[in-house]
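# A structural walkthrough
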Amino acid sequence: MEKIHSDTERDDYKPLKKFVASPARPPKAEKHGVIGTIRKRFFNSIGNSLLTCIALIVLFYLGKWVVNWAVIDAVFVADTRRQCLDTSPNGACWAGVISWFNGLIYGRFPVQEQWRVNLGVVIGIVWLLPLLSKRIPLRGAILLSWVALFPFFGAYLFLGGRFVQELGLFHGVMTCAAFGYLLLIYLNLIKALMGTKTIAVAGLHLLFVPFLEKRLSRRVVAISSMLVWGSLSVIAALFVSSFDLSPVPIERWGGLFLTFIIAGFSITMAIPVGVILALGRRSKLRVIHWLSLGVIEIVRSVPLITVLFMAVTLLPIFMPSDVEFNKLSQVLVAVCIFAGAYMAENIRGGLQAIPKGQFEAAATLGFGYWQTMFLIVLPQALRMMIPNIMTSFISLLKDTTLVSIIGLFDIMLMARNIANDKDWVGMHTEPLVLIAILFFVLCFSMSQYSLNLEKRIKVDR
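Overview of the structure. (Residues numbered from 1 in each chain as written. Predicted model: local features only at pLDDT ≥ 70, side-chain atom pairs only at ≥ 80, totals over all residues. Heavy atoms only, no water.)

The next subject is the pattern of salt bridges. Following the criterion strictly, the structure yields 6 salt bridges and no others. Two residues, R82 and D86, come together in a salt bridge whose shortest N-O distance is 3.9 Å. Here R82 and its partner D86 are both found in helix α4 (residues 81-87), 4 residues apart, which amounts to about one turn of the helix. We note a salt bridge from E297 to R281, for which the minimum N-O separation is 3.2 Å. One end of the pair, E297, is in helix α15 (residues 286-300); the other, R281, is in helix α14 (residues 255-281), and 16 residues separate them in sequence. The class for E297 is partly exposed, based on a relative accessible area of 30%. (Salt bridge = Lys/Arg side-chain N within 4 Å of Asp/Glu carboxyl O. Helix = DSSP H or I, 4+ residues; strand = E, 2+ residues; numbered from the N terminus. Buried < 20%, exposed > 50% of the residue type's maximum accessible area, 1.4 Å probe, protein only.)

Below you can see the structure in the form of structure tokens.
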């Protein structure tokens, strides 16, 4: 019995086996190549193979028809649409679009003055070029100056008129200020590229700081900046006043030029108006809250064409009899309010996504309401809402074509006028195809820029 008991204890206290992991196997190498990748993605099953074949057949015949219509059978040189039909009845008549190309771009802007439009576009691009250099000082102010000052300089080129007469005193002063600031930007850039570290940090105005410190005790840098800017603006005024540009009324503006003006102005003003309405809707003051809420809900409840008709027909009724607005100004106000109302909801969504701890941290640092909003909360909200904001901008760019319904000669109305020309009667398809391609390129470029911006500032983190 004792022997049996000892055997039982020996079995009960048998040591456990230790687990030994097997060595990790290397991942399976997949080297398909081009043919293997195509087979894996498009022909990996009977259903996918059938769908791929059907799609290829449809794309082949569709692409063949498009190429034949737009290129092979198309007519590029003709005097009338009848000649196009006689030459190639089944092809596109691009000769009419080429004949009206100048009108599609500039509208009814005088041909001999179209260089002013080209110069304005070039200056607008040149204004922003220094942003490509990281050595230029005050880079954030360049974009703000482009938004606030360039419209005055552009309007001076496009409208024309004599300085401080047809141009107006305020407009003339702001034009000279814009010209002076453009000179200041490039003087700072030249100094920065020359390698002067002091100037590269804070700008040209630091040259006058030692002189002003002997006479002033406060805000020396700000006063020095204003003096440099003012001096350059005076030089610009002497230059601008020596030229008299022929006046061009706004009624002569049109084409893609007018479309860019409306879209650019409305896109630029959409964020400031949207921020004001979004903050107003979140305000604890009931008057501001309900007023902002009413504007947002009323504007978002009606289509843009209704807002445009109300701005053109009803706005003059509520204004004094001696106040006159041109149709473009009324349209710009209407589109800005419409875009701001939609932008307000995007921004409000971003504000609601900010954690409460951000507000508490700002309060701990002693920040007030406006400091908290503009230094901490709004930058994060706008950063998170970049996809929605860019979607609103793309929709706004496309919606600007609705201004043709109220009589503005934008690119859409100019394209429709081609069919009314006695030489090109009935030609509707080719101008609309050109406009569709143009807007696709613009909208796709904006979308890609949005994606690159998201990656650059790492929105998903």
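Moving on: the nonpolar core. If you look at the biggest cluster of nonpolar residues, it comprises 99 residues, and the most contacted ones within it are W127 and W253. The residues contacting W253, other than those within four sequence positions of it, are F109, F158, L159, V248, L258, I261, L328 and F409. (Core = buried A, V, L, I, M, F, W, Y, C linked by side-chain atoms within 4.5 Å. Contact = heavy atoms within 4.5 Å.)

Our next topic: the state of the cysteines. Here a disulfide denotes one covalent bond, and it connects the sulfur atoms of two cysteines. Here the structure, examined in full by the defined rule, presents 1 disulfide. One disulfide in the model links C84 with C93; its S-S distance is 2.1 Å. Looking down the S-S bond of the C84 and C93 bridge, the torsion is 50°, so its handedness is right-handed. As far as the burial class goes, C84 and C93 line up, both buried. (Disulfide = S-S within 2.5 Å.)

Attention now moves to a nonpolar patch on the surface. A contiguous nonpolar surface patch, about 480 Å² in accessible area, is contributed by V34, I35, I38, F42 and F43. Looking at the secondary structure, you find F42 in helix α2 (residues 33-42). Here F42 falls in the partly exposed class, since its relative accessible area comes to 41%. (Patch = residues over 30% accessible without salt bridge, like charges linked within 9 Å, V, L, I, M, F, W, Y side chains within 5 Å. Areas by Shrake-Rupley, 256 points an atom, 1.4 Å probe, with all protein chains shown as cover.)

So, on to the packing of aromatic side chains. Each aromatic ring pair is summarised here by two numbers: the centre-to-centre distance and the angle between the ring planes. Scanning the model with the defined rule gives 17 aromatic pairs in all. Aromatic side chains Y181 and W229 sit 5.2 Å apart centroid to centroid with 75° between the ring planes, which places their arrangement in the edge-to-face category. Of this pair, Y181 sits in helix α10 (residues 169-193) while W229 is found in helix α13 (residues 220-240), placing the two residues 48 residues apart along the sequence. Ring centres 5.1 Å apart and planes at 80° place the aromatic pair Y369 and W370 in the edge-to-face group. By relative accessible area, Y369 is classed as partly exposed at 42%. Positioned over the ring face of F409 is R108, at 4.1 Å from the centre of the ring. Over the aromatic face of Y342 sits the side chain of R300, whose NZ or CZ is 5.3 Å from the ring centroid. (Phe/Tyr/Trp six-rings, centres within 6.5 Å; stacked < 30°, edge-to-face > 60°. Lys NZ or Arg CZ within 6 Å of the ring centre and 35° of its normal.)

Everything listed here is a matter of geometry and, on its own, says nothing about what the molecule does.
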